[in-house]
Amino acid sequence: MRSKKAASYAILSTGVRRDKINRQTKHVAASIGFLKDGGPIPPTSTKISAKEILVDTTRALNGTTSAVASVVSLYCKYMQNNKILRLFFICISLAILVSGCATVPTGENIPTYSIGGVTYYPLVSLCSLRGVDMQYDTLLRTAYLSKESNRLNLRAGDSLVLVNDNVMHLKSPIDIYQGTIVVPRQFKEQIFDVLFKAPSVTYRRPGTGKIKLNKVVIDAGHGGNDPGAIGKSGLREKNVNLDIARKLNTLLRSEGVQTVLTRSSDKFIPLSTRVNIANKSGADLFISIHSNANRSRSVSGFEVYYVAPSVSDTKRAAFTARNAPLDLKNAVFSGSSPELRSIVWDMIYTNSRAESIELSHSLCRIMDSCIDANILGVKGARFQVLKGVRMPGVLIEIGFLSNPNEERLLKTSAYRQKLAEGILEGIREYSQDKALVEAAAR
Ligand SMILES: [Zn+2]
């Protein structure tokens, strides 16, 4: 009881200082915007924020561990004189660490995870379903949700949630899993669902509204001497992928969206070249198209992959920073420490991942109404082609060539057209949601 009270006090009492940090992190957020556009970072803002970030992020490891590290470091920083509080948060953190994570299979489009026996949902998916605006501060690992007059603040590693300025206590803490913020069932049912009721109006009709993206990279998997999966009748993945990529290309262009194809003919293109083409294009989105295969011929369906965090995302960020890519070798970067560079990269990856997950869900949701196939859902993976791409990106497995029924369908131009149209509508929904969130943030 005592520690609960003390913890509520912690959130409220550090308000002033957190405001100060918030202001400084906004500078960093602005810097990321600059980086994405390839422009320079204003040197003063980088200077101000670098010191604050270093304290917090250099301790971060990955996933749950990074959430724990950041919570421990944040609380230790602000409550150096309060031993009881420190002990309380360290205990919570240890409990999370010991409990471990496991994925629970689900028939729904929203994945659920079991962490320490508690069911968790990805917050970004819940927000996208209910049209809730979400802003995520990667440094404080705090999410700010809003819709109409309702406001919700929650932080990874914390079991306290600010609901319209009232503190509420959860039995299980907010967590980070596969690089994205996840919330326990209690939060979803008792707070989120109550505050942000399901809309009475049905989903937006597909095909309406502009696609709010400038450029999309379309990557047809395999090619040339690499056929990819081969169906029983001899249908080759490389040809199916290319045809859908071309159809999607035509559709996007007719909507006024610029496109870049990593290959437009039956040619072998190494993965590293595909990644380079994407990164040099300055595109907003990367779509890789593949067809699946499974030993069991009965397996069928459509699924979308985003880049899951590696064993250590910090390591990956540090690696990228050391091998500083071309367009980021600007004045600020050349003078900055490897730590700062790796932190900025870490933040770029985190932001891209949240958007990639968002896009993955849009694709599955739309495809569910477009095609008569199993929707296997959204999955995190470590595909080489997605790992190196510095923009939101997904890999779509459009169906199984090993499944006789899907192979028969995939042979037809009509079904491939349907798939291309479904992907287009998924991109449209994602771009409109993204534009809404960005407009609200301004
Ligand atoms: Zn493939």
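Definitions and cut-offs
Residues numbered from 1 in each chain as written. Predicted model: local features only at pLDDT ≥ 70, side-chain atom pairs only at ≥ 80, totals over all residues. Helix = DSSP H or I, 4+ residues; strand = E, 2+ residues; numbered from the N terminus. Buried ≥ 20, exposed ≤ 12 C-beta atoms within 10 Å, placed from the backbone. Core = buried A, V, L, I, M, F, W, Y, C linked by C-beta atoms within 7 Å. Domains from an automatic or database assignment. Contact = placed C-beta atoms within 7 Å. Pairing = 2+ DSSP bridges. Axes fitted to C-alpha atoms, helices over the stretch in contact; angles between N-to-C directions. Expected span 1.5 Å × (residues − 1). pLDDT = per-residue confidence, 0-100.

Examining the overall build of the protein
Working step 1: Check the secondary structure of the protein and you find 15 helices and 16 strands.
Working step 2: Within the protein, the fraction of its 442 residues that count as buried is 43%.

Overview of the nonpolar core
Working step 1: Core analysis: the biggest nonpolar cluster contains 80 residues, and Val216 and Ile287 have the highest contact counts within it.
Working step 2: Each of two domains, domain 1 (2-195) and domain 2 (215-441), supplies a minimum of three residues to this core.
Working step 3: With near-sequence residues (within four places) excluded, Val216 lies in contact with Leu252, Val257, Thr259, Ala283, Asp284, Leu285, Ile287 and Ile427.

A look at the sheet that holds strand 16 (residues 393-400)
Working step 1: Strand order in the open sheet formed by 6 strands is 12-11-13-16-14-15, with mixed pairing between adjacent strands. Lying at the two open borders of the sheet, with one neighbouring strand each, are strand 12 (258-261) and strand 15 (375-381). Averaged over all pairs of adjacent strands, the angle between strand axes in this sheet comes to 20°, irrespective of strand direction.
Working step 2: Bridge analysis of strand 13 (residues 285-292) against strand 16 gives 6 bridges, and the strand direction is parallel. Bridge pairing in strand 16 links Ile289 to Ile396.

Comments concerning unusual backbone geometry
Working step 1: Positive phi is not limited to glycine here, since Arg141 has a value of about 50°.
Working step 2: Relative to the helices and strands, Arg141 resides in the loop between strand 4 (133-137) and strand 5 (142-147).
Working step 3: Not every positive phi belongs to a glycine, and His222 is a case in point at roughly 60°.
Working step 4: Topologically, His222 is positioned in the loop between strand 11 (215-220) and helix 8 (237-254).
Working step 5: On the neighbour-count criterion, His222 (23 C-beta atoms within 10 Å) is buried.

Quick look at the pairing of strand 13
Working step 1: Of all 8 residues that make up strand 13, 8 are buried, and the element is covered over most of its length.
Working step 2: What you see with strand 13 is no split at all: Leu285, Ile287, Ile289 and Ser291 on one side and Phe286, Ser288, His290 and Asn292 on the other are buried throughout.
Working step 3: Pairing of strand 11 with strand 13, which is carried by 5 bridges, proceeds in the parallel orientation. Of the residues in strand 13, the one forming a bridge with Ala220 is Ile289.

Observations regarding the environment of Leu285
Working step 1: The topology assignment puts Leu285 in strand 13.
Working step 2: Overall, the presence of 25 C-beta atoms within 10 Å leaves Leu285 in the buried class.
Working step 3: Once you skip the residues sitting within four places of it in the chain, Leu285 turns out to touch Leu213, Val216, Val217, Met391, Pro392, Gly393 and Ile427.

What to know about the sheet that holds strand 6 (residues 150-155)
Working step 1: Taken in spatial order, the 5 strands line up as 4-5-6-7-8 in an open sheet, and their pairing is antiparallel. Edge positions in the sheet fall to strand 4 and strand 8 (166-169), since each has one partner strand and no second. Each strand of the sheet is rotated relative to its neighbour by a mean of 20°, with strand direction disregarded.
Working step 2: Looking at chain direction, strand 6 and strand 7 (residues 160-163) are connected through 3 bridges and run antiparallel. Its bridge partner being in strand 7, Asn153 is matched across the sheet by Leu162.

So, helix 8
Working step 1: With 18 residues, helix 8 should cover 26 Å at 1.5 Å per step; its first-to-last C-alpha distance of 26 Å lies within 8% of that length.
Working step 2: Along helix 8, the positions that sit buried rather than exposed are Glu237, Lys238, Val240, Asn241, Leu242, Ile244, Ala245, Lys247, Leu248 and Leu252.
Working step 3: A positive backbone phi angle near 80° is found at Gly256, which sits one or two residues after helix 8.

Regarding the pairing of strand 8
Working step 1: The sheet contact formed by strand 7 and strand 8 spans 4 bridges and is antiparallel. Its bridge partner being in strand 8, Leu162 is matched across the sheet by Val167.
Working step 2: The loop that links strand 7 with its antiparallel partner strand 8 comprises 2 residues; one of these, Asn164, has a positive phi angle of about 45°.

Some words on the confidence of the model for the protein
Working step 1: Counting all residues, the mean pLDDT for the protein is 71, and 62% of those residues have values of 70 or more.
Working step 2: The model gives residues 1-108 a pLDDT under 50, and that stretch makes 139 contacts with residues more than four places away or in other chains.
Working step 3: In this model, residues 323-335 is a region of pLDDT below 50 whose contacts with residues beyond four sequence positions or in other chains number 15 contacts.

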